[in-house]
Amino acid sequence: MDYYSNQISRLIEEFSCLPGIGAKSAARLAFHLIHMPEADVKRLADTMVEARQKVRYCKVCCTLTDSELCPICSSTQRDHKTVMVVENTRDLAAYEKTGKYNGVYHVLHGAISPMIGIGPEDIKLKELISRLADDVEEVIIATNSSLEGETTAMYISKLIKPIGVKVTRIASGVPVGGDLEYIDEVTLLRALDGRTEL
Ligand code: ZN
């Protein structure tokens, strides 16, 4: 039974495909949109399309950016010999917010998870290994402390140690299963300071 016009139903359906949006929220968003001034809806739609078209991976660290090199990789103020490996751009942002980390990053865009068929070749690992030729002294593995994050950390350390680069893992002050982006700054910094060599 279709209560709504076809257009509204389609809009609700599109919204409910987004992460964290259930049927009720999707309907609320759809009706909100219908009542917005047309110019505002257009601006929102344009911003979405433009972001999708222009945002790409940084050539060096693979974070999401809108230029060839992200601002961190192109900065001469950062320590390019220390590379922190994170699962996604939101984790990078969490560490950047602390303002206390001066190295650079590498964004994997995921973690190894044999359960759901995500292998090493499905994340940005090759890109990390190829960076190590450029004078990197330490790789800090800051993947989440979930099973996937730990599996990824072990895998990376086994891969990198034979190359002779120092590999460290952030301390377990980060709660198990915790997503880095939801953890407060103090805990993040404590985890970074208390990192141990693998
Ligand atoms: Zn970068």
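Residues numbered from 1 in each chain as written. Predicted model: local features only at pLDDT ≥ 70, side-chain atom pairs only at ≥ 80, totals over all residues. Heavy atoms only, no water.

By the element assignment, threonine 76 lies in the loop between α4 (71-74) and β3 (79-86). Remark: the alpha-carbon pair of threonine 76 and aspartate 46, spanning 30 residues in sequence, is separated by 34 Å. (Helix = DSSP H or I, 4+ residues; strand = E, 2+ residues; numbered from the N terminus.)

With phi around 70 degrees, cysteine 62 is a residue other than glycine that occupies positive phi space. Tracing the backbone shows cysteine 62 in the loop between β1 (56-57) and β2 (64-65). Despite not being glycine, histidine 109 has its phi angle at roughly 60 degrees, a positive value. Structurally, the position occupied by histidine 109 is in the loop between β4 (103-107) and α6 (125-131).

Okay, the pattern of salt bridges next. Applying the stated criterion across every chain yields a total of nine salt bridges. For the salt bridge of glutamate 138 with arginine 195, the shortest nitrogen-to-oxygen distance reads 2.7 Å. Separated by 57 residues along the polypeptide, glutamate 138 in strand β5 (residues 138-141) and arginine 195 in the loop between α8 (185-193) and β7 (196-197) bring together distant segments of the chain. A residue is classified by how much of its surface remains accessible, and glutamate 138, at 9% relative accessible area, is buried. Among the residues examined, arginine 195 registers a relative accessible area of 29% and is labelled partly exposed. It is possible to trace a salt-bridge network through shared partners that takes in Lys81, Asp135 and Glu137. (Salt bridge = Lys/Arg side-chain N within 4 Å of Asp/Glu carboxyl O. Buried < 20%, exposed > 50% of the residue type's maximum accessible area, 1.4 Å probe, protein only.)

So, on to the coordination of the zinc ion. Every protein donor of the zinc ion is listed here as Cys58 (SG), Cys61 (SG), Cys70 (SG) and Cys73 (SG), and their distances to the metal cover 2.3 Å. Taken together, the four donor atoms coordinating the zinc ion and their angles of 104 to 116 degrees define a geometry best described as tetrahedral. We note that the donor set of the zinc ion lies within a single chain, spaced as C-x2-C-x8-C-x2-C. In this structure, cysteine 61 and cysteine 70 share a single accessibility class: buried. (Donors = N, O, S within 2.8 Å, 3.2 Å for Na, K, Ca; no water. Tetrahedral: all angles 85-135°; square planar, octahedral: opposite > 155°, others 65-115°.)

What follows is about the domain arrangement of the chain. Annotation of the chain at the domain level lists domain 1 (6-54) and domain 2 (64-197). Relative placement of domain 1 and domain 2: their C-alpha centres are 33 Å apart. (Domains from an automatic or database assignment.)

Attention now goes to the pairing of strand β6 (residues 166-169). As paired strands, β5 and β6 are joined by four bridges and run parallel to one another. Across the sheet, residue isoleucine 141 finds its bridge partner in β6, namely arginine 169. With respect to chirality, the unit in which β5 leads through helix α7 (residues 147-160) into the neighbouring parallel β6 is right-handed. (Pairing = 2+ DSSP bridges. Right-handed = clockwise from strand over helix to strand, strands pointing away.)

To continue, consider the nonpolar core. The biggest cluster of nonpolar side chains holds 36 residues, and the ones touching the most others in it are Met84, Tyr95, Val139, Ile156 and Ile160. When contributions to this core are tallied by element, the ones reaching two or more residues are α4, β3, α5 (89-98), β4, α6, β5, α7 and α8. Judged by nonpolar contacts, the second largest core, of seven residues, contains Ile8, Phe15, Ala26 and Leu33. (Core = buried A, V, L, I, M, F, W, Y, C linked by side-chain atoms within 4.5 Å.)

As a further point, take the environment of valine 41. With respect to the helices and strands, the residue valine 41 is situated in helix α3 (residues 38-54). Taking relative accessible area as the criterion, valine 41 reaches 22% and is therefore assigned partly exposed. Not counting residues within four places of it along the chain, the set of residues in contact with valine 41 comprises Leu33 and Met36. (Contact = heavy atoms within 4.5 Å.)

Our focus in this paragraph is the packing of helix α1 (residues 6-16) against helix α2 (residues 23-35). In the contact formed by α1 and α2, the axes pass within 8 Å of each other and the chain directions differ by 125 degrees. When the axes of α1 and α2 are compared, the pair comes out oblique. Between α1 and α2 lies a crossing whose hand is right-handed. In this structure, α1 uses Ile8, Leu11, Ile12, Phe15 and Ser16 to contact α2, whose residues at the interface are Ala26, Ala27, Leu29, Ala30, Phe31, Leu33 and Ile34. Here the contact of α1 with α2 is built from residues that sort into eleven nonpolar, one polar and no charged. (Axes fitted to C-alpha atoms, helices over the stretch in contact; angles between N-to-C directions. Parallel < 35°, antiparallel > 145°, perpendicular 65-115°, else oblique. Left-handed = near helix turned anticlockwise from the far one by under 90°. Nonpolar A, V, L, I, M, F, W, Y, C, P; charged D, E, K, R; others polar.)

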